[in-house]
Amino acid sequence: MVWKSAFISLVSVIGAHAVTTNYQSTTDPLNIVLPDIPQMTSHDVATQCVYYNSPYTIVQSEWPIIWQTATSNGMINSPEFVALYNSIDWTQAPDFPVRKLTPEGGLDMAGYDSVNDPACWWSTRQCKTPKREGINADIYSCEEPGTWGLTFDDGPNCSHNAFYEFLAEHNQKASMFYIGSNVLSWPYGALRGVRDGHHIAGHTWSHKMMTTLNNTEVLAELYYTQKAIKHVTGVTPKHWRPALGDLDDRVRWIATQLDLTAMLWDRDTFDWAANVLPGVTVQTVDDNYLDYIEMGTNGTYAETGNVVLSHEINQQTMEFFMKHYPAIKSSYAHVMDVATCSNITQPYAEDIIKFQTFDEATGSKDAVVPGGKSSAAKSSAAHVQANLVLLAVVGLALLY
């Protein structure tokens, strides 16, 4: 599993700025071999979640404390993090305040102008397009019609063997949003995600709501998640998802400095909340899935696709998806990871892994969803429209 060309130090150039990072790995992501141990083969939850030693054991003094804010354990003063922080021009950062939590644990939105939404704060009005230049815009739907953008948050879960085997048996790829703390706790689970060809992205270090963190904390949450994923899997994601979707232009700007783009969603199964939040039951989640499945045939996604939020947080959330998968496949022309449905062929900083375009993945440039248009048809229509505009301009010029 040793990658001969492992990066010892990596300087990422983003736009006109050089951001100093220290991502290291000895993993060759093209040659991942998982150990034959009960934790990787059993379907028993308790057996899978027994701690194991691996080559990815860390020196704790060089990392944040697992599940604590990523500035913990003195990381804020470490030479590595200080170099990263000082390589960013903070005078360009949007000056929006750090948000507060209510006593109940929700976001305190009192006093915020939610009508004009100056910070493009997703948690208030689901704003996804930054309101100033130089910030990566969110991805929140698949470009291709009739497509279910398959995503799972909060992995790698230590008990996901049956779930990942199910996906592999159906040759089904998904976008997996991994929490940095989980990656270091269950490294073989993260390696399996890469080996199986899933699109791996970050989901923060400790799953805090990002707008409630200061600039240093936001940077640390993103950076150490990237570092953990790189350390274990050998790849550095270009995409991430904030916990509960909570981000604004301040957080987006910081993510952009690390060449990260947020991937959100337009449909939420609320699978994690079943029998956890008052009023959310198993039937509630089943109904959500059934509603979204129906949208695959009723014309809702005739012109574009969706991105659906699901979780691998526990057995119940994974079982929800497996139960509804046949109906999803029947109702949607395509079910795939968000990188592929968005025609993102290089979702990692490393160029050794290439993803297929949508047309390559589907094997056809002319697949048409009932009532919708294929990407080729949309391109052709756009070309025709452009020609008509050109003819009109030429005609006007001839008149004068």
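Below you will find a few notes about this structure. From a predicted model like this one, the values you see are computed outputs, not experimental measurements.

## Let's talk about the pairing of strand β7 (residues 199-202)
Taking every second residue as pointing to the same face, both faces of β7 are buried, with His199 and Ala201 on one and Ile200 and Gly202 on the other. Taken together, the 4 bridges between strand β6 (residues 175-178) and β7 define a ladder with parallel strand orientation. Counterpart to serine 175 in the pairing with β7 is histidine 199.

## As for helix α11 (residues 315-331)
Between its first and last C-alpha atoms α11 spans 25 Å; for 17 residues at 1.5 Å apiece the expected length is 24 Å, and the two agree. At tyrosine 325, α11 shows its largest kink, close to 50°, and the proline proline 326 lies no more than four residues downstream. Among the residues of α11, Thr317, Met318, Phe320, Phe321, His324, Tyr325, Ile328 and Ser331 are the ones counted as buried. Looking at the packing, one finds that the buried side of α11 touches β5 (147-155), α5 (161-169), α10 (282-294), β11 (306-311) and β12 (334-336). Measuring from the backbone nitrogen of glutamine 316 back to the side-chain oxygen at the start of α11 gives 3.1 Å, which picks out asparagine 314 as the cap.

## What to know about the pattern of salt bridges
Taken as a whole and assessed by the stated rule, the structure comprises 10 salt bridges. Residues arginine 192 and glutamate 165 are paired through a salt bridge, measuring 3.9 Å at the closest nitrogen-oxygen approach. Of this pair, arginine 192 sits in helix α7 (residues 187-195) while glutamate 165 is found in helix α5, placing the two residues 27 residues apart along the sequence. A relative accessible area of 7% places arginine 192 in the buried class. When its relative accessible area of 21% is taken as the criterion, glutamate 165 is described as partly exposed. Across the pair aspartate 249 and arginine 252 runs a salt bridge, and its minimum N-O distance is 3.0 Å. Taken together, the residues span about one helical turn, with aspartate 249 and arginine 252 both in helix α9 (residues 249-257) at a distance of 3 residues. Assigned by exposure class, aspartate 249 and arginine 252 land together as buried.

## Concerning empty space enclosed by the protein
Scanning all chains against the criterion turns up 1 cavity of 30 Å³ or more. Taken as a whole, the largest cavity spans an internal volume of roughly 70 Å³. Contributing to the lining of the largest cavity are Gln39, Met40, Gln48, Tyr52, Asn157, Cys158, His160, Asn161, Trp186 and Gly189. For the lining of the largest cavity, a count of residues per class yields 4 nonpolar, 6 polar and no charged.

## Remarks on the state of the cysteines
Counted according to the given criterion, the structure contains 3 disulfides. The side chain of cysteine 142 participates in a disulfide bridge whose partner is cysteine 341; the two sulfur atoms lie 2.0 Å from each other. Across the disulfide from cysteine 142 to cysteine 341, rotation about the S-S bond amounts to roughly -75°, and the bridge is consequently left-handed. Placement of cysteine 142 in the loop between α4 (122-125) and β5 and of cysteine 341 in helix α12 (residues 338-341) is noted, with a sequence separation of 199 residues between them. By relative accessible area, cysteine 142 is classed as buried at 0%. Exposure remark for cysteine 341: the relative accessible area of 0% places this residue in the buried category. Shown here for the protein is a disulfide pattern of 1-5, 2-3, 4-6, where each number marks a bonded cysteine counted in sequence order.

## Re the nonpolar core
Nonpolar side chains in soluble globular proteins tend to end up buried together. Among the nonpolar cores identified, the biggest contains 93 residues, and Trp148, Met176, Leu222, Tyr224, Trp240, Leu258 and Phe321 are the most heavily contacted of them. The element contributing the most residues to this core is helix α8 (residues 215-233), with 9 residues. Ignoring sequence-local partners within four residues, the contact set of phenylalanine 321 consists of Leu150, Phe152, Phe163, Phe166, Leu167, Tyr289 and Ile328.

## So, the packing of aromatic side chains
With the rule as written, the count across this model stands at 22 aromatic pairs. Between tyrosine 52 and tyrosine 188, the aromatic rings sit 4.9 Å apart at their centres with planes inclined by 15°, giving stacked as the arrangement. With a gap of 136 residues between them, tyrosine 52 in the loop between α2 (45-48) and α3 (79-86) and tyrosine 188 in helix α7 connect regions that are remote in the sequence. Here tyrosine 52 matches tyrosine 188 in class, with each residue buried. Judged by centre distance (5.2 Å) and plane angle (90°), the rings of tryptophan 148 and tyrosine 332 are edge-to-face. Highlighted residues: tryptophan 148 in strand β5 and tyrosine 332 in the loop between α11 and β12, separated in sequence by 184 residues. A relative accessible area of 0% means that tryptophan 148 is categorised as buried.

## Overview of α9
The buried fraction of α9 amounts to 9 of the 9 residues, a majority that puts the element mostly inside the structure. Residues of α9 that are buried include every one of Asp249, Arg250, Val251, Arg252, Trp253, Ile254, Ala255, Thr256 and Gln257, and no others. At the N-terminal end of α9, a side-chain oxygen is found 3.1 Å from the backbone nitrogen of arginine 250, two or three residues along, and the residue is aspartate 248. Residue aspartate 259 follows α9 closely and has a positive phi angle near 60°.

## Side note on the packing of α5 against α7
With their axes 11 Å apart at the nearest point, α5 and α7 run at an angle of 5° to one another. Here α5 is positioned roughly parallel relative to α7, judged by the angle of their axes. Within the contact between the two elements, α5 uses Asn161, Tyr164 and Glu165 and α7 uses Gly189, Arg192 and Gly193. Of the residues contributing to the contact of α5 with α7, the split by class is 1 nonpolar, 3 polar and 2 charged.

Definitions and cut-offs
- Residues numbered from 1 in each chain as written.
- Predicted model: local features only at pLDDT ≥ 70, side-chain atom pairs only at ≥ 80, totals over all residues.
- Heavy atoms only, no water.
- Buried < 20%, exposed > 50% of the residue type's maximum accessible area, 1.4 Å probe, protein only.
- Helix = DSSP H or I, 4+ residues; strand = E, 2+ residues; numbered from the N terminus.
- Pairing = 2+ DSSP bridges.
- Expected span 1.5 Å × (residues − 1).
- Bend = angle between axes of the 7 residues up to and from the residue.
- Contact = heavy atoms within 4.5 Å.
- Polar contact = N/O pair within 3.5 Å; in protein donor to acceptor, adjacent residues only side chain to side chain.
- Salt bridge = Lys/Arg side-chain N within 4 Å of Asp/Glu carboxyl O.
- 1 Å grid on protein atoms, 1.4 Å probe; cavity = no way out; pocket = protein on both sides within 12 Å on 5 of 7 lines; lining within 4 Å.
- Points joined across faces, edges and corners; volume = space filled by probe spheres on them.
- Nonpolar A, V, L, I, M, F, W, Y, C, P; charged D, E, K, R; others polar.
- Disulfide = S-S within 2.5 Å.
- Core = buried A, V, L, I, M, F, W, Y, C linked by side-chain atoms within 4.5 Å.
- Phe/Tyr/Trp six-rings, centres within 6.5 Å; stacked < 30°, edge-to-face > 60°.
- Axes fitted to C-alpha atoms, helices over the stretch in contact; angles between N-to-C directions.
- Parallel < 35°, antiparallel > 145°, perpendicular 65-115°, else oblique.

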